Amino acid sequence: MQAVGMVVEYNPFHNGHRYFLRQARQLTDADVTVAVMSGNFTQRGEPTIVDKWTRARAALESGVDLVVELPIFYAAQPAHRFAAGALAILNALQVHQVAFGAEHPDWDFPALVAAERRFNQAEFDQYNVTYATQFNQQLRAQTGRELRDPNDILAFAYTKAVLTRHYPIQLTAVQRRGSDYHDREIHGQIASASAIRQAVATGTDFIATVPTAMRAALAQVDRVPDWADLYPILRNQLIQAPLNYLATTYQMAEGLEHRMKEVAQRSLTFDAFIHGVKTKRYTYAHLLRMCLYTTLQLSEDEVVARTDQPYIHILGFTRRGQEYLHQVKKAVPVPLFTKVSQGMRDGFYNLDYRAGKLYQNFTPVEQDLKHPPIMIR
């Protein structure tokens, strides 16, 4: 069986994802579809609209054959680390074709990756603009193009991961269809995930934009999870922890711990906090990830210990997906498991377990320990 892999968040799974799934299978002539899906927190460090099990079930009932979890130390990362971690898992699963959506699928992404090698690193020392702005300034000078759209940024990251790590993976770009990634309004049956989350939050109609498998779950959402709900935990951590401890937090740099601690002490709401911490140097996505790292008490040392040591947590499969697992499991070079044991909870899976417990502020459902995989027959 030949597989096509996809890197997804499904936050939530919608008609655009179903369209992409069909295109990916058709363009690659694959027998089975494998999705590496973020768990309960997105790349931006935000809690997902429903938990990973609900999203995995919707995907399996809508045409995906195998769903595995992208560990949080890859999932809540900038694009290059997010992509590298996901492709490491797909490569371990013997998936040699990966499809991804792009706003400009006709671009020569290998040429853009090659251009990056010619960048002047000294020009990244500006502190009054974001890294992304400085990156695009140099890319435009080299190629005349800029990476502005989220899916194009990920397309670049997938290409870079394949080329630098020499994975035997063929990449296939699929034209993104429908609403813009950041569109907050619903226009027709294919809408952005942002627009659907907004509709759920405001109680407006979203039914036509999601497949049947997702509708019931979203209809039960009383309040869309966000950092406003988790802010008391974050604020307490920032106020109580000493500065030297906060400074050991993953990606905490340039004295950011001082700013976060000071702003937390005077900000009673998350909105006031995040706007108080924001500077030209940092994007909101970076700061949201910092909120997650701080709340999880994630240290630089812990990330170093986990980097380049992927594992594969199977969230669910169809009969076809199960057959594919039987085909490849003996060749998989990393830990592959269907249930989280107490030993895993206290060992290599501990960070994901902690993230699951944090997400349980939104749901009574146990997220990891002894939770069986979803089986769709």
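What counts, and at which threshold
- Residues numbered from 1 in each chain as written.
- Predicted model: local features only at pLDDT ≥ 70, side-chain atom pairs only at ≥ 80, totals over all residues.
- Heavy atoms only, no water.
- Axes fitted to C-alpha atoms, helices over the stretch in contact; angles between N-to-C directions.
- Helix = DSSP H or I, 4+ residues; strand = E, 2+ residues; numbered from the N terminus.
- Parallel < 35°, antiparallel > 145°, perpendicular 65-115°, else oblique.
- Left-handed = near helix turned anticlockwise from the far one by under 90°.
- Contact = heavy atoms within 4.5 Å.
- Nonpolar A, V, L, I, M, F, W, Y, C, P; charged D, E, K, R; others polar.
- Core = buried A, V, L, I, M, F, W, Y, C linked by side-chain atoms within 4.5 Å.
- Buried < 20%, exposed > 50% of the residue type's maximum accessible area, 1.4 Å probe, protein only.
- Phe/Tyr/Trp six-rings, centres within 6.5 Å; stacked < 30°, edge-to-face > 60°.
- Lys NZ or Arg CZ within 6 Å of the ring centre and 35° of its normal.

A closer look at the packing of helix α4 (residues 79-92) against helix α7 (residues 150-165)
With their axes 8 Å apart at the nearest point, α4 and α7 run at an angle of 55° to one another. Compared by their axis directions, α4 and α7 come out oblique. The chirality of how α4 crosses α7 is right-handed. Note on element contacts: α7 touches α4 through Ile-153, Leu-154, Ala-157, Tyr-158, Ala-161, Val-162 and Arg-165, opposite Ala-79, His-80, Phe-82, Ala-83, Ala-84 and Leu-87. Tallied by class, the residues present in the contact of α4 with α7 amount to eleven nonpolar, one polar and one charged.

Describing the nonpolar core
Counting 94 residues, the largest nonpolar core has Leu-93, Phe-270, Phe-273 and Ile-312 as the members making the most contacts within it. Considering each element in turn, this core owes the most residues, ten residues, to α4. Setting aside anything within four residues of it in sequence, one finds Phe-270 in contact with Trp-227, Ala-228, Tyr-231, Leu-234, Leu-288 and Cys-291. By size, the runner-up hydrophobic cluster in this structure holds 37 residues, among which are Phe-20, Ala-24, Ala-59 and Phe-206.

Re the packing of aromatic side chains
Applying the stated criterion across every chain, the model contains 19 aromatic pairs. Ring geometry for Phe-41 and Tyr-359: centres 6.2 Å apart, planes at 90°, overall edge-to-face. You can see Phe-41 sitting in the loop between β2 (32-38) and α2 (52-61) and its partner Tyr-359 sitting in helix α18 (residues 350-359), a full 318 residues away along the chain. For the pair Phe-41 and Tyr-359, a shared accessibility class is recorded, and that class is buried. Ring centres 6.0 Å apart and planes at 70° place the aromatic pair Phe-73 and Tyr-311 in the edge-to-face group. Of this pair, Phe-73 sits in helix α3 (residues 72-75) while Tyr-311 sits in the loop between α15 (300-306) and β6 (312-318), and the two are 238 residues apart along the sequence. Of the residues examined, Phe-73 reaches a relative accessible area of 4% and is grouped as buried. Ring-pair connections join several aromatic residues into one group, and the members of that group are Phe-73, Tyr-74, Tyr-311, Phe-337, Phe-348 and Tyr-349. Directly above the ring of Tyr-284 sits Lys-278, whose terminal nitrogen or CZ lies 5.3 Å from the centroid. We note Arg-345 situated over the ring of Tyr-353; from NZ or CZ to the ring centre the distance is 5.8 Å.

Nothing here speaks to function; it is all geometry.
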